[in-house]
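Single-letter residue listing:
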Amino acid sequence: MKRFPYTSFAVLLFLIVSKVTAQTPVVPSSEILLNLKKLNMLGSVLYIAAHPDDENTLMLAYLSKDRLARTGYLSLTRGDGGQNLIGAEQGYNIGLIRTQELLAARRIDGAEQFFSRAYDFGFSKTLDETLNFWDREKVLGDVVWMIRKYQPDVVITRFPPDPRAGHGHHQTSAFLAEEAFKLAGNPASYPDQLKYVKTWQPKRITWNTYSRGFTNQAPTEEKAPYIAVELGGFNPLLGKSYSEIAAESRSQHKSQGFGSSPVRDVRTDYLVHTAGDPAQKDLFDGVDTSWNRVPGSAEVARLVSQVITNFNVAKPEASVPTLVRIHQQLSKLDPSQILVQAKKQEVEKLIQQCLGLWFETNPTEYSAVPGTQVSLKVNVVKRADYPVKLVGLQWTGRAADSTFSTSLALHKAVNVTLNTQLPDNLPVSQPYWLEKPLSKGVFQIDDQRAIGFPENTPLTLTKFTFEIDGQPFTFSKPWTYKFNDPVAGEQYRPFEIRPAVTATLNEPVFIFTTNSPREVQVLVKAQKKGMQGTLRPQVPAGWKVEPASRPFQFNDKYQEEAFSFTITPPNQNQEVTLRAIATVDGQSYATAMKTIEYPHIPSQTIFPPAEAKLARVDVKMLARRIGYIAGAGDDVPAALRQMGATVVMLNGEELSKDLSTYDAIVVGVRAYNTEERLRFFQDKLMNYVKNGGTMLVQYTTSNGLKVPQLGPYPFKLGRDRVSEEEAEMRVLKPAHPLLNAPNKITARDFDGWIQERGLYFAEEWDPAYQAILSGNDVGETPKDGSLLYAPYGKGHFIYTGLSFFRELPAGVTGAYRLFANLVSAGKTK
């Protein structure tokens, strides 16, 4: 079974415009009326930017819920390179979290969400740097694809295509949008796409800016024409202003700390003309947003006006007969038109809403293995006094309809228990963009038709067929596991397809500082009953593993056991990959499992390769007992333990105790932004340093500091960073102990760094501080504030913006050596 099993153009359009939800959302009658009015608006907008949280949620809310336009947001990336204020996830793991946060935001502001294949590789300063990292032709092709696929009348960019945008990704998002605007209507551009979509030329492309004064600051252009858009309105049908909706939407970006309060005031934005036909007064100038643009739709237009005029807020089901007739008329129109498909989907959703139809399928367990039996509970309820029959159910694992003829009684639930066998070839629930490794800065996605979707197309689902006014309506819903939480109440979890067995190593990186052996653990978990086999770690020649294999036997599903192995490294420094392979009935499984769970998003389970990095590295660390003050979330404590230290997490209780027992105290990233308690312990921490302790503070930002001064002497934080991970790092103090003991730091220790050198460097500092390193991106002046050291009393204070929080979890050995020196400052002579 293919992950995207659609073939025809009409079916592709169906998938473009449809939204998959776990259950039919319950909406009040006033919102149903708003959705009815939306049937009369045939204009559409595609908003384009670079990251999650770049989008102007106020503009999206206005377009979707005031102008009632079909509105989409194309984020070129999933935010994989961003910081994480709620946990330690980085890379594609934080990308998964931010994808779900975007989807939650769109459910509030009413827009649709799309992505390109571009990977967020972290902060970039220029368009050229960004395009050098990304595969330009592929990412540009993705933007062309989404314009052709979505067919917007207007494209809006969040940024200009030049340095005014700041971040290089921001510049690139506008640049690629403008290039795609020129190419999408040309059949000679990306002709392979035309097997699935048609060429499309939007009417215009504009840039959304907050200020009129900003429009004439472009480096090479004259003042561009623009229109003003008033966004501060109030929607009485929703009982909210658009700024209130926007704030709620933006507050879904919790991993970025973007909780927002609404501004209840007049708000004017500006749309600056970029290309196409300039708008004179309105965004949709020259665009026919009525049914006149669809040939043969006169009867549809008449019926839509009728259903809006006659809508009874107290009896929404009275609109169902007209909605059914509208659906019949739409079925007579050209199915290749995306507007026709979009409006059919809107009508079908309105019929559900007016009837108060609730239908869902809940497996009795949250996961299953291909080829196994699954028990399902189907629940259907009608909550409007209107005749409806359930006449068919079809579900994954059953090819033929199971025909019913059940009239639904008012408020009376129809509950059906089913047992089905999953197909043997059902793929594991791995996010489709993570099935293959990155290549040239983009996710490898083989199926053109998959590009753009925020999530996998569900493959475990039930199709419900209802008879309404003598007409069949079939609605598909994915299976979702439902349970009751004693605190939160009813909860849903995505249903997962898992491999039969998973093998997960207890660490992603194992550092060997000597040739002494270390213990490695592999957690083997049975994903179905009756699993018996052998676990075998694989290491390259020169490395030894004992025992060579371990047998396992599990009788029950979800049963698990951690198996220990001893790994002995070679004498010489070396970096290799350890793989764990579980063999059952002659079939090998080399897949790990990781579940990301936070209260504000659905749980996300991924199945990466069962492997870890092994590094034999010459690193010495003299600090043996280290206190760690956690900040926004990172895995640095695990790295310190890898080097043999005892790490104590310093909460309020531990900070109240005697700190002199610690060889060093390390402050996690952004702790001085997130941890209120630090202002009460700052004097104690400075006294710890004064009395001989070593304190290392990792990067923090100047906004929202919990203390007036981070160190014993003043220094000012800035926004300086070195975003090129291969940028030369120059030594300013070659003889300084931080670079010489216990490890001699050389240029080789800066090889292999990922994403960046560092961020939020100090930009001004007291003469008591010594700047140790200097670096800069190409074409920039030197940045000397990445590593500051000051002796204070008998102790040592260090501030660093170097991105150890990324490098250490990635197993960058030079970062281990330098970090060991920093925490050992009080132990060297």
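The structure contained in this document is the topic of the report that follows. Going along each chain's sequence as written, the residues are numbered from 1 onward. Only residues with pLDDT of at least 70 get local features here, since the model is predicted, and only at 80 or more are side-chain atom pairs given and counted; chain-wide, interface and lining totals rely on the full set of residues. To get the side-chain values, take all heavy atoms of the structure and skip hydrogens and water.

A separate point is the nonpolar core. In this structure, L640 and L685 are the most contacted members of the largest nonpolar core, which totals 76 residues. The dominant element in this core, judged by the number of residues it contributes, is helix α17 (residues 813-823), at 7 residues. By the convention used here, residues are in contact when the closest approach between their heavy atoms is within 4.5 Å. L685 has contacts with I629, L655, L659, I665, Y672, L678 and M695, leaving out every residue within four places of it along the chain. Within the second largest apolar cluster, 54 residues are counted, among which are W291, L303, V340 and F495. Grouping buried Ala, Val, Leu, Ile, Met, Phe, Trp, Tyr and Cys residues that are joined through side-chain atoms within 4.5 Å yields what is termed a nonpolar core. Any residue under 20% of the maximum accessible area for its type is buried, any over 50% is exposed, and the rest in between are partly exposed; the area is computed with a 1.4 Å probe on protein chains only. Starting at the N terminus, helices and strands are each numbered in turn, a helix being any DSSP run of H or I of at least four residues and a strand any DSSP run of E of at least two.

Pairing between strands requires that DSSP locate at least two bridges from one strand to the other. Read across the sheet, 3 strands follow the order β10-β12-β15 without closing on themselves; strand pairing throughout is antiparallel. Both edges of this open sheet fall to β10 (358-363) and β15 (414-421), since each of them pairs with a single strand only. Going across the sheet, the axis of each strand differs from the next one's by a mean of 20°, ignoring polarity. Of the strand pairs in this sheet, β10 and strand β12 (residues 373-381) are connected by 6 bridges, and their pairing is antiparallel. Axis definition: a line fitted to C-alpha atoms, limited for helices to the stretch in contact. Angles are taken between N-to-C directions and run from 0 to 180 degrees.

Turning our attention to the sheet that holds strand β23 (residues 518-526). Ordered in space as β21-β23-β27-β25, the 4 strands form an open sheet in which the pairing is antiparallel. One side of each edge strand has no neighbouring strand; the edge strands of this open sheet are β21 (501-505) and β25 (544-546). For this sheet, the mean angle separating the axes of adjacent strands, direction not counted, is 30°. In the sheet, β25 pairs with strand β27 (residues 560-568) via 3 bridges, with the strands oriented antiparallel. If you follow E546 over to β27, its bridge partner there is T566.

A word on the packing of helix α3 (residues 57-65) against helix α4 (residues 92-109). Between α3 and α4, the shortest axis-to-axis distance is 9 Å and the interhelical angle comes to 45°. The pairing of α3 with α4 is recorded here as oblique in orientation. Contact residues: T57, L60, A61, S64 and K65 in α3; R106, I108 and D109 in α4. Partitioned by chemical class, the residues of the contact of α3 with α4 number 3 nonpolar, 2 polar and 3 charged. These descriptions rest on fixed angle ranges, namely under 35 degrees for roughly parallel, over 145 for roughly antiparallel, 65 to 115 for roughly perpendicular, and the rest for oblique. All amino acids are sorted into three groups, where Ala, Val, Leu, Ile, Met, Phe, Trp, Tyr, Cys and Pro are nonpolar, Asp, Glu, Lys and Arg are charged, and the leftover types, Gly among them, are polar.

With a probe scaled to a water molecule rolled over the atoms, the places where space remains empty come into view. The rule is simple: put a 1 Å grid over the protein atoms alone, call a set of points where a 1.4 Å probe fits but cannot get out a cavity, call an open set with protein on both sides within 12 Å along at least five of seven lines a pocket, and count a residue as lining if it has an atom within 4 Å of a point. Grid points are joined across faces, edges and corners, and a volume is the space filled by probe spheres set on the points. Going through the model one piece at a time under the given rule, you end up with 4 cavities of 30 Å³ or more. Contributing to the lining of the largest cavity are G82, Q83, N84, G87, A88, E89, Q90, A632, G633, V669, Y699 and F805. Looking at the second largest cavity, its volume works out to about 50 Å³. Lining the second largest cavity are R204, T206, P225, Y226, I227, L271, H273, P278, A279 and L283. For the lining of the second largest cavity, the elements supplying multiple residues, two or more each, are β5 (204-209), β6 (226-230) and β9 (268-276). Here the lining of the second largest cavity is built from residues that sort into 7 nonpolar, 2 polar and 1 charged.

What follows covers helix α8 (residues 242-250). Considered for burial, the residues of α8 that qualify are Y242, S243, I245, A246, A247 and S249. Of the surrounding secondary structure, the elements contacted by the buried residues of α8 are α3, α4, β7 (234-235) and β8 (240-241).

Take α3 next. α3 sits mainly inside the fold: 9 of its 9 residues count as buried. Where α3 is concerned, the buried positions are T57, L58, M59, L60, A61, Y62, L63, S64 and K65.

What follows concerns the environment of V522. Position of V522 relative to the elements: it lies in strand β23. With relative accessibility at 2%, the residue V522 sits in the buried group. For the pair V522 and S564, spaced 42 residues apart in the sequence, the C-alpha separation amounts to 6.5 Å.

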